[in-house]
Amino acid sequence: MSAVPQQWVAGWGASAVREPAAARADAEAQRDDWLMQQLGRGAPHALDELVRRYHQRVFAFAARLLGSVEAAEDVTQETFLRVLERAPRYAPKGKFAVWLLTIAANLCKDYRKQQRRRAETSLDALEGTEADVVDVEEEAARRLLFRRVCEAGAQLSHEHWTAVVLKHYEGFGYDDIARVMGCSVGTAKSRVHYGLKRLRELLGAEDEMQ
Amino acid sequence: MKCNKISNHLVAYALDELPPRERQRTQEHLAACASCRARLHAQERTLAALSHAPAPTPTPEMQRDLLRRLHQRQAEILEARRRKQERWETVLFGVTAAGVSSAVTFAGFTHVRVLLPLLVVLFLLGGVTGGLLLAMLAGRPRRSEGEP
Ligand SMILES: [Zn+2]
């Protein structure tokens, strides 16, 4: 694709010589947009490549938000189905990952609402999901940590935990978090800060007891 | 600054988001206050715990399942799109045929000098409309095909 996307033409800070990491990110973003264009035209290879590129990321995002692998699998599948259906109308306005995780975040929100109605959690389902288990003991400790983190996250409101996950694990800036959550940048920032403070009280308190 | 206020700033401090002046004032307070230092360490431990918690990985079967469902859905979408296009083509053909036949019937009653230009205009209009409709049906703008 030879055309330079609009968001890099307008705005401040776009220098002629880009950092290698920034250049790589640009190339990745172009690839995403091109794949979505291909998917909109019905190309099966675009579907394969998008899944290869983003399956792990969407799955981990949903698993952290919902604390359940089964739920994450459902949400991930639904997310990609929506990507497929919306592909013909996809207009690259920002980062593809932000658009993708907005879909996933909304589905997680719906899922958690339904889940609260059914009042079921399935953190136990996390057992046996890691494909490459090297050291059993270390792996068990890591899984335990994952459980603790998810349990603490589940004690926050869904908004606060989503904001923390987007910031800490996805590395999103407050502007992108605001886009995903449909709130102002200030609200996004205060959600992240409050969420992390609450986690400090929840996880930090546990540490002191140990 | 009071401990209360510092406590609210500790996340921003740990994330290195404080402006220089507030950062310095927080540092000064931390140097003098053991309980706020303890809170900062708890905050740092929390961030470390988040970082060390592993990313759940989907199994290869999950990926196979996902791809199977997606390809199935894609085939359905493409099939529906093809049917819709066929329907439009049928409608378009019908409209054109009706236009031509009524023009020919009309020709039976009207003087050729009036009719000939009218027929030409009708064909032109039909052609343009048909072209536009087909372009709309093809749907997608013709953009650069190059793979990045
Ligand atoms: Zn203090």
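Residues numbered from 1 in each chain as written. Chains lettered and ligands numbered in written order. Predicted model: local features only at pLDDT ≥ 70, side-chain atom pairs only at ≥ 80, totals over all residues. Heavy atoms only, no water.

**Quick look at the overall build of chain A**
Right, on to step 1. Each helix and strand in chain A was counted, giving 9 helices and 0 strands.
Right, on to step 2. Secondary structure of chain A in N-to-C order comes out as α-α-α-α-α-α-α-α-α.
Right, on to step 3. Burial analysis of chain A (210 residues in total) assigns 50% to the buried set.
Right, on to step 4. In the structure as shown, chain A presents an accessible area of about 10,500 Å², 51% of it carried by carbon and sulfur atoms. (Helix = DSSP H or I, 4+ residues; strand = E, 2+ residues; numbered from the N terminus. Buried < 20%, exposed > 50% of the residue type's maximum accessible area, 1.4 Å probe, protein only. Areas by Shrake-Rupley, 256 points an atom, 1.4 Å probe, with all protein chains shown as cover.)

**Regarding the packing of helix α3 (residues 44-66) of chain A against helix α4 (residues 69-86) of chain A**
Residues and elements named next belong to chain A.
Right, on to step 1. Running from amino to carboxyl end, α3 crosses α4 at an angle of 140°, the nearest separation of the two axes being 8 Å. The angle between the axes of α3 and α4 places the two elements in the oblique class. The handedness of the crossing between α3 and α4 is right-handed. Residue-level inspection shows Leu47, Leu50, Val51, Tyr54, His55, Val58, Phe59, Ala62, Ala63 and Leu66 of α3 in contact with α4, the latter providing Val69, Ala71, Ala72, Glu73, Val75, Thr76, Thr79, Phe80 and Leu84.
Right, on to step 2. Residue classes in the contact of α3 with α4 are distributed as 15 nonpolar, 3 polar and 1 charged. (Axes fitted to C-alpha atoms, helices over the stretch in contact; angles between N-to-C directions. Parallel < 35°, antiparallel > 145°, perpendicular 65-115°, else oblique. Left-handed = near helix turned anticlockwise from the far one by under 90°. Contact = heavy atoms within 4.5 Å. Nonpolar A, V, L, I, M, F, W, Y, C, P; charged D, E, K, R; others polar.)

**Description of the interface of chain B and chain A**
Right, on to step 1. The interface is formed by 45 residues belonging to chain B together with 53 residues belonging to chain A.
Right, on to step 2. One can count 2 salt bridges joining chain B with chain A.
Right, on to step 3. Glu85(A) is the partner of Arg73(B) in a salt bridge, and the nearest nitrogen-oxygen pair spans 2.7 Å.
Right, on to step 4. In this structure, the connection of chain B to chain A is made through 15 residue pairs in polar contact (both at pLDDT 80 or more).
Right, on to step 5. Sorting the residues of the side of chain B that touches chain A by element identifies α1 (3-14), α3 (34-52) and α4 (60-109) of chain B as the ones contributing at least two each.
Right, on to step 6. In terms of residue count, α4(B) provides more of the side of chain B that touches chain A than any other element does, 13 residues in total.
Right, on to step 7. Along the lines of polarity and charge, the residues of the side of chain B that touches chain A split into 21 nonpolar, 13 polar and 11 charged. (Salt bridge = Lys/Arg side-chain N within 4 Å of Asp/Glu carboxyl O. Polar contact = N/O pair within 3.5 Å; in protein donor to acceptor, adjacent residues only side chain to side chain.)

**Here we look at the environment of Ile6(B)**
Residue and element names in this part refer to chain B.
Right, on to step 1. Take Ile6: it is sitting in helix α1.
Right, on to step 2. Of the residues examined, Ile6 reaches a relative accessible area of 0% and is grouped as buried.
Right, on to step 3. Expressed as a C-alpha distance, the spacing of Ile6 and Thr26, which sit 20 residues apart in the sequence, is 6.5 Å.

**Section: the pattern of salt bridges**
Residues and elements named next belong to chain A.
Right, on to step 1. Taken as a whole and judged by the stated rule, the model has 18 salt bridges over all chains.
Right, on to step 2. For Arg57, the salt bridge identified is with Glu170, shortest N-O distance 2.6 Å. Of this pair, Arg57 sits in helix α3 while Glu170 sits in the loop between α7 (158-168) and α8 (174-181), placing them 113 residues apart in sequence.
Right, on to step 3. Here Asp176 makes a salt bridge to Lys95, at a shortest N to O gap of 2.3 Å. Here Lys95 lies in the loop between α4 and α5 (96-118) and Asp176 lies in helix α8, a separation of 81 residues in the sequence.
Right, on to step 4. Classification of Asp176 as buried rests on a relative accessible area of 3%.
Right, on to step 5. One salt-bridge network, held together by shared partners, links Glu28, Arg31, Asp32, Glu49 and Arg53.

**Some remarks on helix α2 (residues 20-40) of chain A**
Note that an α-helix has 3.6 residues per turn; residues three or four places apart therefore point the same way.
All names here are of chain A.
Right, on to step 1. For α2, built from 21 residues, the straight-helix expectation of 30 Å at 1.5 Å per residue is met to within 8% by its first-to-last C-alpha distance of 30 Å.
Right, on to step 2. All buried positions along α2 are accounted for by Asp26, Gln30, Arg31, Asp32, Asp33, Trp34, Leu35, Met36, Gln37, Gln38, Leu39 and Gly40.
Right, on to step 3. Gly42, located one to two residues past α2, shows a positive phi value of around 90°. (Expected span 1.5 Å × (residues − 1).)

**Description of the environment of Ile103(A)**
Right, on to step 1. Looking at where Ile103(A) falls in the secondary structure, it is placed in helix α5.
Right, on to step 2. Ile103(A) has contacts with Thr79(A), Arg82(A), Val83(A) and Arg86(A), leaving out every residue within four places of it along the chain.

**Section: the side chain of Gln77(A)**
Right, on to step 1. Within the secondary structure layout, Gln77(A) lies in helix α4.
Right, on to step 2. The contact partners of Gln77(A), leaving out residues within four places of it in the chain, are Asp65(B), Leu66(B) and Arg69(B).

**Focus: unusual backbone geometry**
Right, on to step 1. Positive phi values are uncommon outside glycine, yet Asp16(B) reaches one of about 60°.
Right, on to step 2. Inspection of the secondary structure assignment puts Asp16(B) in the loop between α1 and α2 (20-32).

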